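Inside the fold
Take a look at the letters that make up each chain.
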Amino acid sequence: MTVKEMYINGEWTESFSKKTFSVRNPATNEVVSTVTYGSAKEATEAIKAAKDAFLVWRSLTAKERSVYLTKLYELMLKEKESLAQLITLEMGKPLKEAKGEVELAAEYLLWNAEEGKRIYGEIIPASSNNKRLQVIKQPIGPVGAITPWNFPISMLTRKIGPALAAGCTVVLKPSSKTPGSAIRFFELIEEVNFPKGVANLVIGSSREIGQELLKSPDIKKIAFTGSTSVGKRLIEGSAEHVKKVSMELGGHAPFIVFEDANLEEAAEGAIISKYRNSGQTCICLNRLFVQESIKEPFQTILTKKVKALTIGNGMEDATDVGPLVDEDGLKKAHSHVEDAVKKGATILTGGKPCNENGLFYEPTLLSNVTNDMTITYDETFGPVAPIYTFNSEEEVIQAANDTEYGLAAYFYTQDLGRTIRVSEQLDYGIIGINDAVPTTVQAPFGGIKQSGLGKEGGHQGVEEYLETKFLSIQI
């Protein structure tokens, strides 16, 4: 099997150590690929390449940079099938979901290709006739981007797209669980013929590569998607050089169903939010709050829908729910279920691992869940939905906000007044109102509290890669 390599300064390269590692399909445990394993040395080379290329890339006009990004967008759509298959083979999500991810990822490139042309400055009225005051915006510099395994291509373009559009260069470190789609993406970058060093790919030791990105004064910004615990360490490490950071961290999303909601639509929304990507989504439903008066009919509708989901290999067309990415993920999901049942929860459906491979977990629905259970305060990252009940609007808002996280929240209602009241009181950066899929390229994505710093998407996404400079000109 050919060893897949890193991409540094426009060249494909193996690691200095000659080390490699195997990537396995979580649905079959078969080896998908063998990939070179880099460390601090490769990161140092990539940083130097990004620094040198920055002087060239930033000097291009926004329109010129847009041409590169638009060509890359077009190539991504042409290669949708191959990219989607790599995603499914490496992390297990159904192929139909992987195709949707590739389409969204490509849209981030196109959106930012255009948004880069709209980076405007300002003219400020001066306090005296002999002065002219201006504000200009310039690219911050080389960026270190670290992306996760659960959305390996869309998280990549959500960072690379705005960074390149703003005039920054990039050193990307993808998850070692899912490097294949990133490698294929960089093959497309090579095909577009980006200037050497503008975009660099390093794969390997998270600790060594991450530390090199932090300690190098040439990296001006860190963009990260991952756990809150790792994000905190990166924020701490960024202090030495006062680097700018964008952090999209953990979530623990509440999903609230009020008694006036359309129960069929709410149940379908819960299915989409919780079981997409086998529950391995930072914005997915983690706590399902159902008003007491509709508990029984809603549970009946939702249980029927969960039981109808098909578990299987993501490459099979009929599959709705694929495997978890690794053994740790499966153990965590099952430990949450066991803890909840031990403390009085009821399993409506699911509740155990399945399939010979052992990385599949039944889509699970728990009822009578209480606040003393681990699942209440710990993000599951698996296909397990716990149901809580509430009586009043005030009660559920307090319960929904009772977490250190603040990424996404959802609620279903047909009451306009309630829509306004609840959306304004929920402490979350993203809120879906009768909408289980709020993510879109033209809107900001990001959390508050311990769920992150900064935004990705919309015009706010490009702003994260810019410095604002004030000019006072005496004439």
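Residues numbered from 1 in each chain as written. Predicted model: local features only at pLDDT ≥ 70, side-chain atom pairs only at ≥ 80, totals over all residues. Heavy atoms only, no water.

1. Let's talk about the overall build of the protein
Formally: Helix and strand assignments follow DSSP, with helices taken as H or I runs no shorter than four residues and strands as E runs no shorter than two, numbered in order from the N terminus. Just to be clear, the radius of gyration here is over C-alpha atoms, and the globule rule we use is 2.2 Å times residues to the power 0.38. When accessible area is computed with a 1.4 Å probe and restricted to protein chains, residues below 20% of their type maximum are described as buried, those above 50% as exposed, and intermediate ones as partly exposed. Computed with the Shrake-Rupley method and a 1.4 Å probe, the accessible areas treat only the protein chains shown as cover for residues.
The helix and strand tally for the protein stands at 15 helices and 23 strands. Over its C-alpha trace the protein gives a radius of gyration of 23 Å, about what one expects of a compact globule, namely 23 Å for 475 residues. By the burial criterion, 56% of the 475 residues in the protein qualify as buried. For the protein, the exposed area adds up to about 19,300 Å²; of that, 50% sits on carbon and sulfur atoms.

2. Some remarks on the sheet that holds strand 4 (residues 20–24)
Stated precisely, the cut-off is as follows: For two strands to count as paired, DSSP must find a minimum of two bridges between them.
The strand order 1-5-4 describes an open sheet built from three strands, whose pairing is mixed. Edge strands, defined here as strands with exactly one partner in the open sheet, are strand 1 (3–4) and strand 4. By the bridge criterion, two bridges tie strand 1 to strand 5 (residues 31–36) in an arrangement that is parallel. Paired with Val3 across the bridge in strand 5 is Thr34.

3. Some details on the nonpolar core
Quick reminder of the rule: Definition of nonpolar core: a set of buried residues of the types Ala, Val, Leu, Ile, Met, Phe, Trp, Tyr and Cys, connected through side-chain atoms within 4.5 Å. We call two residues contacting when some pair of their heavy atoms lies within 4.5 Å.
Met76, Ile153, Leu172, Phe185, Phe186 and Phe194 are the most contacted members of the largest nonpolar core, which totals 72 residues. When sequence neighbours within four positions are dropped, the list of residues in contact with Phe185 reads Leu72, Met76, Leu83, Leu109, Ile153, Leu156, Thr157 and Ile160.

4. Looking at the pattern of salt bridges
Spelled out, the test is: Each reported salt bridge corresponds to a side-chain nitrogen of Lys or Arg within 4 Å of a carboxyl oxygen of Asp or Glu.
This model, assessed by the stated rule, comprises 27 salt bridges. Among the salt bridges present, the one from Lys93 reaches Glu101, with a minimum N-O distance of 2.6 Å. Judged by its relative accessible area of 2%, Lys93 is buried. Under the relative-accessibility criterion, Glu101 is labelled buried at 4%. Between Lys305 and Glu264 there is a salt bridge, and its shortest N-O distance comes to 2.7 Å. Residue Lys305 is located in helix 10 (residues 295–307), and its partner Glu264 is located in helix 9 (residues 263–275); the two are separated by 41 residues in the primary sequence. Given a relative accessible area of 42%, Glu264 falls into the partly exposed group.

5. Section: the sheet that holds strand 23 (residues 466–474)
Using the following cut-off: Fitted lines through C-alpha atoms serve as axes, helices being fitted only where they are in contact, and the angles separating the N-to-C directions of these axes extend from 0 to 180 degrees.
If you walk across this open sheet you meet the three strands as 6-7-23, and the pairing is antiparallel. The sheet is open, and its two edges are formed by strand 6 (122–124) and strand 23, each paired on a single side. Direction aside, neighbouring strands of the sheet carry axes that sit 25° apart on average. One ladder, built from nine bridges, connects strand 7 (residues 131–139) with strand 23; its direction is antiparallel. Bridge pairing in strand 23 links Ile136 to Lys469.

6. Some details on helix 7 (residues 206–215)
For helix 7, the complete set of buried residues consists of Ile209, Gly210, Glu212, Leu213 and Leu214. Buried residues along helix 7 sit against helix 1 (40–57), strand 8 (143–146), strand 9 (170–173), strand 11 (221–225) and helix 8 (228–238).

7. Here we look at the environment of Asn150
Considering the arrangement of structural elements, one finds Asn150 in the loop between strand 8 and helix 5 (154–166). Residue classification places Asn150 among the buried positions, given a relative accessible area of 6%. The sequence separation of Asn150 and Ala166 amounts to 16 residues, and the corresponding C-alpha distance is 26 Å. Setting aside anything within four residues of it in sequence, one finds Asn150 in contact with Met91, Lys93, Glu101, Asn277, Gln280, Thr281, Cys282 and Phe381.

8. Side note on the environment of Ser127
Mapped onto the secondary structure, Ser127 falls in the loop between strand 6 and strand 7. Expressed as a C-alpha distance, the spacing of Ser127 and Asp326, which sit 199 residues apart in the sequence, is 62 Å.

9. With respect to the packing of helix 2 (residues 62–78) against helix 4 (residues 95–115)
Our working rule: With respect to orientation, any angle under 35 degrees is reported as roughly parallel, any angle over 145 as roughly antiparallel, any angle of 65 to 115 as roughly perpendicular, and every other angle as oblique. Take the far helix as the reference: if the near one is turned anticlockwise from it by less than a right angle, the crossing is left-handed, and if turned clockwise, right-handed. We call Asp, Glu, Lys and Arg charged. Ala, Val, Leu, Ile, Met, Phe, Trp, Tyr, Cys and Pro are nonpolar, and the rest, Gly among them, are polar.
Closest axis-to-axis distance for the helix 2/helix 4 pair is 8 Å, and the angle between their directions is 165°. Taken as axis vectors, helix 2 and helix 4 run roughly antiparallel relative to one another. Once helix 2 is placed against helix 4, the crossing between them reads as left-handed. Where helix 2 abuts helix 4, its residues Ser66, Leu69, Thr70, Leu72, Tyr73, Met76 and Leu77 lie against Val102, Glu103, Ala105, Ala106, Glu107, Leu109, Leu110, Ala113 and Glu114. Grouping the constituent residues of the contact of helix 2 with helix 4 by class yields 11 nonpolar, two polar and three charged.

10. Some thoughts on the packing of aromatic side chains
Our working definition: Any two rings among Phe, Tyr and Trp, with Trp reduced to its six-membered ring, count as a pair given centres within 6.5 Å; such a pair is stacked if its planes are under 30 degrees apart, edge-to-face if over 60, and tilted if neither. Either the NZ atom of lysine or the CZ atom of arginine qualifies as a charge over a ring when it sits within 6 Å of the ring centre and within 35 degrees of the ring normal.
Overall, the coordinates contain 13 aromatic pairs when judged by the stated rule. Feature note: the residues Tyr7, Trp12, Phe185 and Phe186 constitute an aromatic cluster, connected by ring pairs. In this structure, Arg158 is placed above the aromatic ring of Phe445, and the distance from its NZ or CZ to the ring centre is 4.0 Å. In this structure, Lys221 packs its charged tip against the face of Tyr465, placed 4.8 Å from the ring centre.

11. A word on helix 4
Condition: Expected span of a helix: the number of residues minus one, times 1.5 Å.
With 21 residues, helix 4 should reach 30 Å at 1.5 Å per residue; the first-to-last C-alpha distance of 30 Å fits that figure. All buried positions along helix 4 are accounted for by Leu95, Glu97, Ala98, Glu101, Val102, Ala105, Ala106, Tyr108, Leu109, Asn112, Ala113 and Glu115.

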